[in-house]
Amino acid sequence: MGVEAHATNERATGRTWTVRLDPVGRGRADVRVSCSRPACAAQVLPSAAVGRTAAVEHLKAHLRAGPAPRPSAYCACRAEECHTHIRPAGPRERPAPWRCGGAVVLAVVTDREGRWWQVMECCSRCAAAHPTAKIAATAPAPDRTAPADAFRAAAASVPTVPAVGPHFSHTASGVTVPHEVPPPRAPRPTRQRARRGRIAQRFVPHELRPVALRDELTELGELFRAYQQRAEPDLAMLAGLHARKAKAFRAWAEVTADTGLRLDAERAEQAAATARLQHLHRSGQAPEGDGPAVTRLLTASAQWNHARAVLTHVADHSPLPGPEARLLVVMLTLRTAQSGVGNLVGQDLKGLPLPDPEHLVGQLVECGWLDIAGTVDELIASRPENPTRIGVPSLTPDESDPGPFTFGRKMRPKLSGWAQRVVGEKKLRKAKTAADARLLALALATGVSLDGQLGPEGEGLPLEALASWCAVTPAELLELVDRLTATDWLTEVAVTDTVLTGRLTERVLPLSCPLT
């Protein structure tokens with residue numbers, strides 16, 4: 001202790017200062033940038049991003065203008081007893097003294113959130129112990145000129161030796177023994193460090209054995225990163241990568257006895273099965289033992305979810321009561337969903353089971369839900385070569401409201417075509433089913449499992465929700481179920497007080513949007 005205190009008195013303690021970024025007040029966006037150096041005044045800036053930039057520039061200005069680290073400075077980190085990076089000892093451990101060493105440096109230490117920056121004049125060993133430290137400057141090597149001059153002066157006082165080799169007692173006085181210089185030592189061969197792999201946020205250890213497992217994990221990580229850069233997905237390839245990952249992680253778990261790796265292997269197996277099933281559905285193939293595949297009009301789960309989103313939006317925002325108005329609003333919403341505007345012709349309205357389409361369109365215009373270019377009669381009389389421009393203000397996006405739907409321009413006609421196919425299905429038209437039965441067909445098409453059973457996992461659909469969607473009473477809903485059963489839409493129907501169970505027939509499965 002006495003020697004250490006003596007050294008502290010002889011050597012100046014390393015400098016430290018801190019630049020901080022603090023909020024000005026609760027609920028305010030502006031921030032305060034302050035510096036612990038006495039000559040620096042605090043400044044208030046409008047946002048955290050601007051304040052962080054100003055704080056970094058202020059710190060850089062200090063580093064550029066300030067003096068370089070002093071070679072003889074006492075380590076500031078050691079003066080603080082290394083509380084910042086030395087883990088305290090446990091109840092049965094003795095705290096080990098921190099050993100400073102290396103050149104004196106200016107180290108910049110920051111927190112992970114970017115709220116403060118501290119500059120320390122400390123030794124390079126203490127700087128390396130900080131996980132976020134960055135070296136801004138290093139002190140020059142100590143001046144060795146004085147010891148060198150003293151050595152030369154001492155050498156000058158030694159008597160001069162003749163420029164001949166050394167003399168030995170067993171040799172003649174005039175014979176010199178040449179001084180042989182050993183050949184230079186051959187450079188040591190550089191050892192190439194094995195590449196360090198990374199997969200699923202994990203680093204593959206260099207010492208992992210067997211080597212084949214280490215190489216497999218490294219290669220898999222590179223293949224997954226390459227797959228993420230692909231312009232188009234390849235679900236078959238992705239399923240294969242997940243299957244290889246599951247096998248490799250299972251072997252890794254057996255080597256290291258790591259439960260987390262075993263759980264990751266199980267998740268990879270599930271991901272492989274899901275990707276493989278999606279590939280089979282997209283390519284029109286059938287899983288083994290499932291019989292013939294269903295070629296659906298809408299092929300991806302994202303499209304199925306978008307179709308359900310449109311029906312849910314219409315149920316919550318229908319401007320007029322009744323099943324006829326509800327069906328018309330569904331079809332017009334799908335025509336204008338992406339941009340709020342679209343084209344319509346008279347045949348689009350005449351093809352719907354509406355007893356008085358002119359009156360319904362007029363009501364939608366009067367309540368402000370629909371805008372049309374011209375009159376209602378002109379819309380009914382319009383033909384495909386001269387369509388009528390329509391708009392739905394509530395669906396028109398702007399800078400503050402992007403609209404209720406997230407699908408793009410190419411997705412909208414697919415959804416609209418799907419709804420036209422469901423509503424205008426051949427047997428529904430021949431049976432002259434009304435708008436309420438067509439609405440029920442839409443609801444059932446979007447509420448089935450992959451094999452066509454009503455509800456998730458065949459659990460059925462609630463009667464109250466179906467009646468509300470079709471704008472009918474629960475008693476009237478049972479009649480609609482009988483109509484769809486008679487038109488070969490439903491089979492194996494069972495109705496309880498609260499739930500409708502059954503299955504869509506094979507004939508209409510291509511129009512379904514399964515719950516995944």
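Computed from a predicted model, the values in this text were never measured in an experiment. (Residues numbered from 1 in each chain as written. Predicted model: local features only at pLDDT ≥ 70, side-chain atom pairs only at ≥ 80, totals over all residues. Heavy atoms only, no water.)

Some points on the packing of aromatic side chains
Applying the stated criterion across every chain yields a total of two aromatic pairs. Summarising the aromatic geometry, the rings of F249 and W252 are spaced 5.6 Å apart at their centres and angled 75 degrees between planes, so their arrangement reads as edge-to-face. Taken as a pair, F249 and W252 lie in helix α7 (residues 235-256) at a separation of three residues, close to a single helical turn. On the accessibility criterion, F249 (0% relative accessible area) is buried. The interplanar angle of 20 degrees and the centroid separation of 5.5 Å between the aromatic rings of F405 and F407 together place this pair among those described as stacked. What makes F405 buried here is its relative accessible area of 12%. Of note, R37 hangs over the ring of W17, and the distance from its end group to the ring centre comes to 4.5 Å. The ring of F249 carries K245 above its face, with NZ or CZ at 5.5 Å from the centroid. (Phe/Tyr/Trp six-rings, centres within 6.5 Å; stacked < 30°, edge-to-face > 60°. Helix = DSSP H or I, 4+ residues; strand = E, 2+ residues; numbered from the N terminus. Buried < 20%, exposed > 50% of the residue type's maximum accessible area, 1.4 Å probe, protein only. Lys NZ or Arg CZ within 6 Å of the ring centre and 35° of its normal.)

Focus: helix α14 (residues 411-423)
Taking 1.5 Å as the rise per residue, α14 with 13 residues should run 18 Å; its terminal C-alpha atoms sit 19 Å apart, in good agreement. Looking at α14, one finds that the buried residues are M411, L415, S416, W418, A419, V422 and V423. The arc that holds every buried residue of α14, seen down its axis, measures 155 degrees, which confines them to one face. Packing partners of the buried residues in α14 comprise α9 (301-317), α10 (323-336), α15 (426-430) and α16 (435-445). (Expected span 1.5 Å × (residues − 1). Arc of directions from axis to C-beta. Contact = heavy atoms within 4.5 Å.)

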